[in-house]
Amino acid sequence: MKHVTCIEDLRLLHQQRVPKAFFDYADRGSYTEDTLRANSEKLQEIKFRQRILVDVSKRDLSTTILGEPASMPLVLAPVGLLGMQHGDGEIHACRAAQAAGIPFTQSTMSICSIEDIAAAVDKPFWFQLYVMKDRGFIKALIERAIAAKCSALVLTVDLQVIGQRHQDIKNGMTVPPEWSLSKLVDFASKPSWVAGIMRGKRKTFGNLAGHLKISEDITSLSTWINSQFDTTLNWKDVDWIRSIWPGKLILKGILDTEDAEIAAKSGAQAIVVSNHGGRQLDGAPSSIEVLPEIADSVGSQLEIMFDGGIRTGMDIMRALALGAKSCMIGRAYAYGLGAAGQEGVAKAIDVLAKELTTTMGLCGVNTIAEIDDHVLAV
Ligand SMILES: Cc1cc2nc3c(=O)[nH]c(=O)nc-3n(C[C@H](O)[C@H](O)[C@H](O)COP(=O)(O)O)c2cc1C
């Protein structure tokens, strides 16, 4: 890890260490990948004001996220299949987040179950919910998150239908991994990945195992999702979820100001301005382009979180400057996990924290609360 200086280094290590189908699953986006590219490109177009001769000796990244203290304004986003990037990947990522003092969000589509993680860590984590047609199962899943003392529920609202990711189809990406001849050649050159996966508790979706019949052998993830996820999902269902979940509720996947205004009246405490990391509606705007209008419109009613394209601490600073209270990262830590398990996730968080504190210093600010659009060049 000594020579890792940036998230791109972790990405390249991830690519070397993990079979192509799983690396591509993490790295790529939907259709033409227009929105995936825009997420990073539009962030990089935003320039800072360099300020000089300001005392920046007391820089402090600490903040609160939904009322809880956090060491920096960062959350690990829900990412499916972490346990296929590294054996027991969800547990490793959660431990790295908690050691760094930031929240971890477990995806519904995890390899480890809610109970596996709860048994392996000391502090509460967040749980992300996808709503499937079997509402009895969804109610039971929420009750499992309550029993595991999850401290927030992240309801993802941008995946009623799934955007096609061409590369997953071309790679024949399956869960559990298919041990076909072509895959074996790839696996043979990744022995540390194979050993980790073999040691891992589970090889399929831990939260669904034993509940949804087909989950034991999902040959095509997207076909299965299309058959299971509930396309009737609408705002009334948010009320239903509210009636079961007593804790903090976050709506993730809002990109439109009108939707944000409805969300502000839904009983949710926060929204995540997100296009699912360019994996859903290809041709949607980058998350950063829509953030200022949404933050202006509902920022006083709800906590505004942001994700999409964050690869540096400078990107976190840009999102905070344009109205986000905190940011989520997906790929940036998934690369770390694929590269080196818990140590790699810790490295990803550390890289971003150091970049953020340096950027604050060079922009003349000491605290997260001071960051607003005054740090940006016009
Ligand atoms: C490999 C991968 C799997 C993901 N799985 C989920 C998921 O299960 N649930 C969810 O709400 N979002 C999921 N997302 C979206 C992330 O939570 C987040 O919105 C996105 O990664 C942010 O963009 P970034 O990767 O550029 O940081 C996934 C993203 C990636 C890259």
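Note that the coordinates shown come from a computational prediction; the quantities given were computed from them, not determined experimentally.

### Overview of the site of the ligand
Near the ligand you find 22 residues, and of these Pro78, Ser107, Thr156, Asp307 and Gly309 are the closest. Between an oxygen atom of the ligand and a main-chain N or O atom of glycine 330, the distance comes to 3.0 Å. Residues of the shell around the ligand, tallied by class, amount to seven nonpolar, 10 polar and five charged.

### A few points about the environment of arginine 51
Of note, arginine 51 is situated in the loop between α3 (34-44) and β1 (63-65). The spatial distance from the C-alpha of arginine 51 to the C-alpha of valine 365 is 8.9 Å, given a sequence separation of 314 residues. With residues near it in sequence (within four places) discarded, arginine 51 still touches Leu362, Cys363 and Gly364.

### Here's the deal with the sheet that holds strand β8 (residues 270-273)
Here we have eight strands laid out as an open sheet, ordered β3-β10-β9-β8-β7-β6-β5-β4, and parallel in their pairing. Both outer strands of the open sheet, β3 (74-76) and β4 (105-106), are each paired with one neighbouring strand and no more. Both strand β6 (residues 152-156) and strand β7 (residues 248-254) contribute to a ladder of five bridges, which runs parallel. By the bridge assignment for β7, valine 154 is matched with isoleucine 250. Here helix α12 (residues 235-244) sits on the sheet in contact with β5 (126-129), β6 and β7, set at roughly 155 degrees to β7. Strand contacts of helix α13 (residues 257-264): β7 and β8, with the helix running at about 170 degrees to β7, the strand carrying the most contacts.

### So, helix α1 (residues 7-17)
Along an α-helix, a turn takes 3.6 residues, which lines up residues three or four apart on a common side. Along α1, the residues that are buried comprise Ile7, Leu10, His14 and Arg17. Looking straight down α1, one finds that the buried residues subtend no more than 85 degrees of arc, so they occupy a single side.

### As for a nonpolar patch on the surface
Taken together, the side chains of Trp179, Leu181, Leu184 and Met198 present a nonpolar region at the surface, about 450 Å² in accessible area. Examined against the element boundaries, tryptophan 179 turns out to sit in the loop between α8 (166-170) and α9 (181-188). What makes tryptophan 179 partly exposed here is its relative accessible area of 42%.

Cut-offs and rules
Residues numbered from 1 in each chain as written. Predicted model: local features only at pLDDT ≥ 70, side-chain atom pairs only at ≥ 80, totals over all residues. Heavy atoms only, no water. Near = heavy atom within 4 Å. Polar contact = N/O pair within 3.5 Å; in protein donor to acceptor, adjacent residues only side chain to side chain. Nonpolar A, V, L, I, M, F, W, Y, C, P; charged D, E, K, R; others polar. Helix = DSSP H or I, 4+ residues; strand = E, 2+ residues; numbered from the N terminus. Contact = heavy atoms within 4.5 Å. Pairing = 2+ DSSP bridges. Axes fitted to C-alpha atoms, helices over the stretch in contact; angles between N-to-C directions. Buried < 20%, exposed > 50% of the residue type's maximum accessible area, 1.4 Å probe, protein only. Arc of directions from axis to C-beta. Patch = residues over 30% accessible without salt bridge, like charges linked within 9 Å, V, L, I, M, F, W, Y side chains within 5 Å. Areas by Shrake-Rupley, 256 points an atom, 1.4 Å probe, with all protein chains shown as cover. Salt bridge = Lys/Arg side-chain N within 4 Å of Asp/Glu carboxyl O.

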